[in-house]
Structures are given as structure tokens and as C-alpha cells.
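# Commentary on secondary and tertiary structure
Okay, here's what each chain looks like letter by letter:
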Amino acid sequence: MLPSSISYLVTLALVLPGGRGKAAGAAAKGTKGAKGTQGTGTGTSTNTGTGATAAAPPADATGLQSSTTIDPSVIQTTDDGQNPPVTGQSAATTSPNNFANFCATGLPQVPITNGLQITTGSCNPTPIGNIPSVDNMPSSKFQSPKNLDTIASGQTFNVTLKTQGIQLGTFTNAAKTYFANPQTLNTQGQIIGHTHIVMEAIPSLTSTAVTNPQDFTFFKGVDNGQDAQGNVEVEVTNGVQPGVYRMCTIVSSATHQPAIVPVAQHGSLDDCVYFTAAPGGADATGATGATGATGATGATGATGATGATGATGATGTQTKGKTAGTGKAAGAAKTAGKAGAAKGKAGKA
Ligand SMILES: *[C@@H]1O[C@H](CO)[C@@H](O)[C@H](O)[C@H]1NC(C)=O
């Protein structure tokens, strides 16, 4: 059963027992707030009507980007979400001004983020910005090292990561503009941003110890955009010490905030793989007498998860616009029917 806290997103969910149950729900639109009253006619139409590709609007022709007051056209009218109340679900707070002054409530103890990475905490007033469609949610998969690979310790190697659905290669000054801009999209509707690769040493491939995010072995922001195959490469100079590692991506917008996507229920935007670094790596021949790493014991195959029960559909009380149509299932009901990571690698002498 999906937790009720996320159930409001899905309607018409279909449960297929076992195998690959897939929620066929349409993403219900829920109650759409009334549109804010339009601004007072300061001439916001910037399209010159020269065809399909609209020219980028002038930087600030309307003065909206330099105004320190909120334009009425952008006021959210979101309610507290409890009409009717749902057991276990918290009421959201509401605001007549988009929480524009929210961070003022914490000053001076909680400073404005102001582009800095404030290690003691802060409050960021920048809006989330542009959110892509469900067809443009980023996805990543490590190509090398792959999950459960064994590589040679102490030797330079490349990480190869394949990513789609985001335009990589754009990052701003992380020391001065951290979380400072709204998320933006390119003309294809994809997030403009970048990704990162982080490696953490862990006790073993089967470790259940919770990791400390302050403690990592390798971290690199990926500066480049993808190549034609969607790949980026990051060189790990001198490699890593013998051990077992978790390697993950952190996919981000240009000013380093985590990528934001349009629906709550979606597959992971990031990838994590687990690999072993051993003296001589997988290619050790024993000629030097190095003892191969002991093979990890194969994990027991995971029992196929039961198909998630379809969430109850939201009652769309939308008065105009679309009824929930044939949108893609937002349901995360894909069962993990596959056997778990059962490959224990035999260490080579
Ligand atoms: C890593 O990839 C870069 C770019 O493709 C390449 O120039 C470099 O030689 C590679 N390094 C290793 C250790 O394979």
C-alpha cells in the first residue's frame, strides 16, 4: 500500500500481481487554485510572432526582474491541502505572498543563504523556478565502474556516467552563487545544470551501516556536457585505496540545488553503484604474490516485492481545464521482481 501522503497524486492505479506491476494511473491534477489576478497591463507580451521559435524575452523589458514587489500574476493560491483532511497528512501552511518574507522570521540567527554554503544553516529565499515535464526528468547510470566491479586500487581510472533528460555542463560559482538562482530549462525543456560524482568508503558490499554525508573519499563536480552517447568522464587521479566504495551521482541545477521534477512519484534521478578496489584489481595474476580480495558473499536474492497497491485517486475538483487524462502513471508500482544482487565476486589470487 502506498503511503497515504503520496496517494493524492495517483488515480486509476492498476495493480498487477507479481512481476512488473505498473501503475497505470493518470497523474490527477488535484485542485487547481484560481489564477491570480493579472498584473495591471505593463505590457508583458514579448513574443514578436516570428514563428515557432519564440525569441528569448529581453532581459528585463518589463522591469519585473528588478522590482522588489511581487507581481500579482505569480501569487500562488495553494491551500493547506486538508480539504478534506486526510489521516496522517499534515496541513501545509499558506501564504498570501508566496512566503516572500519567510526567511525574515529567522533573522538574525538564521542568515539568508545569500549565495554562500553556510555550514551552520541558513534560509534561502530564491524560488524553485522552472520545472520540466515528466518527459524531461533526468536519469543517470554509471557505465564504469559498473555495479559490483572490482578495479585496481592506487591506479588512475575514469568514471564513465551516462545521463539523459538534462543538459549537463552548466555550473555557477559554488562559493558565491550557491542556490542563488531558480532552476531553468533549455529550449528542449530540459533542466540546465550539471552532475557530481561522490565516492564513500564503506565496510563491505553488504554493509548495512548508515553512512556519514560529511565523510567521503572522492568528490567531483562534472564540468562537461554529455558527449553524443550521453556520457561524461571523470578521471580519478591515482585511484582509490583498497576497499569497498559506494559511488553515487548528485544531479543538480546550475546553481547547485538538487534537480526538481514535476511529480512526486518517479524513479531515482541519481545512480549509486558499489565497487571494490583491490591491489591488482580484477586482473591480478598472482605473479607478484598479491593476494586477491576475498570475494564478497553473494547477497540473498531479494524476494519479488508485492505490487504496490494502487493509490486512491485524487478527487479532482478542478472546475475548468482537463480532467485527469491519460497521463503517464505516476505510480511507483513497479515491483522489484528481480532477484537481488546475488553476485559474489570471487577474489583472484
Ligand atoms: C579518461 O578519459 C579522458 C577523456 O576521454 C581521457 O583523455 C583519459 O585518457 C582517460 N583516462 C584514463 C585513465 O583512461
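Read on for an overview of the structure. Remember, predicted model here, so these are calculated numbers, not experimental data. (Residues numbered from 1 in each chain as written. Predicted model: local features only at pLDDT ≥ 70, side-chain atom pairs only at ≥ 80, totals over all residues. Heavy atoms only, no water.)

Turning our eyes to something else, we now look at the overall build of the chain. Secondary structure summary: the chain contains 1 helix and 11 strands in total. Reading the secondary structure of the chain in the N-to-C direction produces α-β-β-β-β-β-β-β-β-β-β-β. Counting over 349 residues, the chain shows a buried share of 27%. Relative to all contacts within the chain whose residues are 6 or more apart in sequence, the contacts with residues 24 or more apart total 75%. (Helix = DSSP H or I, 4+ residues; strand = E, 2+ residues; numbered from the N terminus. Buried < 20%, exposed > 50% of the residue type's maximum accessible area, 1.4 Å probe, protein only. Contact = heavy atoms within 4.5 Å.)

Let us now look at the state of the cysteines. Scanning all chains against the criterion turns up 2 disulfides. Two residues, Cys103 and Cys123, share a disulfide whose sulfurs are 1.9 Å apart. Torsion about the S-S bond of the Cys103 and Cys123 cystine: about -75°, corresponding to left-handed handedness. Residue Cys103 is found in the loop between strand 2 (26–27) and strand 3 (139–144), and its partner Cys123 is found in the loop between strand 2 and strand 3; the two are separated by 20 residues along the sequence. A disulfide bridge connects Cys248 with Cys272, and the sulfur atoms are separated by 1.9 Å. Taking the torsion about the sulfur-sulfur bond, which here is approximately 110°, the covalent link between Cys248 and Cys272 counts as right-handed. Taken together, the residues span a long stretch of sequence, with Cys248 in strand 10 (residues 243–253) and Cys272 in strand 11 (residues 272–278) at a distance of 24 residues. We classify Cys272 as partly exposed; its relative accessible area is 35%. (Disulfide = S-S within 2.5 Å.)

A word on the pattern of salt bridges. Summed over the entire model, instances satisfying the criterion amount to 4 salt bridges. The partner of Asp271 in a salt bridge is Lys141, and the shortest N-O contact between them spans 2.8 Å. One end of the pair, Asp271, is in the loop between strand 10 and strand 11; the other, Lys141, is in strand 3, and 130 residues separate them in sequence. On the basis of relative accessibility, which here comes to 9%, the residue Asp271 falls in the buried class. (Salt bridge = Lys/Arg side-chain N within 4 Å of Asp/Glu carboxyl O.)

Next up on the list: the pairing of strand 5 (residues 157–164). For strand 3 and strand 5, the ladder comprises 5 bridges, and the chain directions are antiparallel. Bridging across to strand 5, Ser140 finds its partner in Thr163. Relative to strand 9 (residues 231–236), strand 5 runs antiparallel, the two being bridged by 6 bridges. From the neighbouring strand, Lys162 faces strand 9, where its bridge partner is Asn231. (Pairing = 2+ DSSP bridges.)

Here the focus is the sheet that holds strand 9. Here 3 strands make up an open sheet; going across it, the order is 3-5-9 and the pairing antiparallel. The open sheet is flanked by strand 3 and strand 9, the only strands paired with a single partner. Ignoring strand direction, the axes of neighbouring strands in this sheet form an average angle of 25°. (Axes fitted to C-alpha atoms, helices over the stretch in contact; angles between N-to-C directions.)

The subject of this paragraph is the nonpolar core. Burial of nonpolar side chains together is a common tendency in soluble globular proteins. Counting residues in hydrophobic clusters, the biggest one holds 25 residues, and the most contacted among them are Phe157, Val159, Ile197, Met199, Val240, Met247 and Phe275. Put simply, the parts of the chain that give this core at least two residues each are strand 5, strand 7 (191–202), strand 8 (218–222), strand 9, strand 10 and strand 11. Ignoring any residue separated from it by four or fewer positions in sequence, one finds Met199 in contact with Phe157, Val159, Phe216, Thr217, Phe218, Val236, Val240, Arg246, Met247 and Phe275. (Core = buried A, V, L, I, M, F, W, Y, C linked by side-chain atoms within 4.5 Å.)

A separate point is a nonpolar patch on the surface. Nonpolar side chains collect at one region of the surface, where Phe216, Phe219 and Ile250 lie side by side and expose about 260 Å² of accessible area between them. With a relative accessible area of 41%, Phe216 lands in the partly exposed category. (Patch = residues over 30% accessible without salt bridge, like charges linked within 9 Å, V, L, I, M, F, W, Y side chains within 5 Å. Areas by Shrake-Rupley, 256 points an atom, 1.4 Å probe, with all protein chains shown as cover.)

So, about the packing of aromatic side chains. Counted by the stated rule, this structure contains 5 aromatic pairs. Relative to Phe102, the ring of Phe99 has its centre 6.4 Å away and its plane inclined at 80°; by these criteria the two rings are edge-to-face. Measuring from centroid to centroid gives 5.5 Å for Tyr245 and Phe275, while their planes differ by 25°, and the two rings are stacked. Taken together, the residues span a long stretch of sequence, with Tyr245 in strand 10 and Phe275 in strand 11 at a distance of 30 residues. Neither Tyr245 nor Phe275 differs from the other in exposure class; each is buried. (Phe/Tyr/Trp six-rings, centres within 6.5 Å; stacked < 30°, edge-to-face > 60°.)

Neighbouring the ligand are Thr156, Asn158, Glu233 and Glu235. One of the side-chain N or O atoms of Asn158 is found 2.2 Å from an oxygen atom in the ligand. Measuring from an oxygen atom of the ligand, one finds a side-chain N or O atom of Glu233 at 2.6 Å. Here the residues of the shell around the ligand are counted per class, giving no nonpolar, 2 polar and 2 charged. (Near = heavy atom within 4 Å. Polar contact = N/O pair within 3.5 Å; in protein donor to acceptor, adjacent residues only side chain to side chain. Nonpolar A, V, L, I, M, F, W, Y, C, P; charged D, E, K, R; others polar.)

Before going further, it helps to spend a moment on the environment of Ile191. Looking at where Ile191 falls in the secondary structure, it is placed in strand 7. Measuring from C-alpha to C-alpha, the distance between Ile191 and Ile131 comes to 7.7 Å, with 60 residues separating the pair along the chain. Beyond its immediate sequence surroundings of up to four residues, Ile191 is in contact with Pro132, Pro138, Gly165, Ile166, Gln167, Gln183, Thr184, Leu185, Ser253, Ala259 and Ile260.

By themselves, these are just geometric observations and shouldn't be taken as functional.
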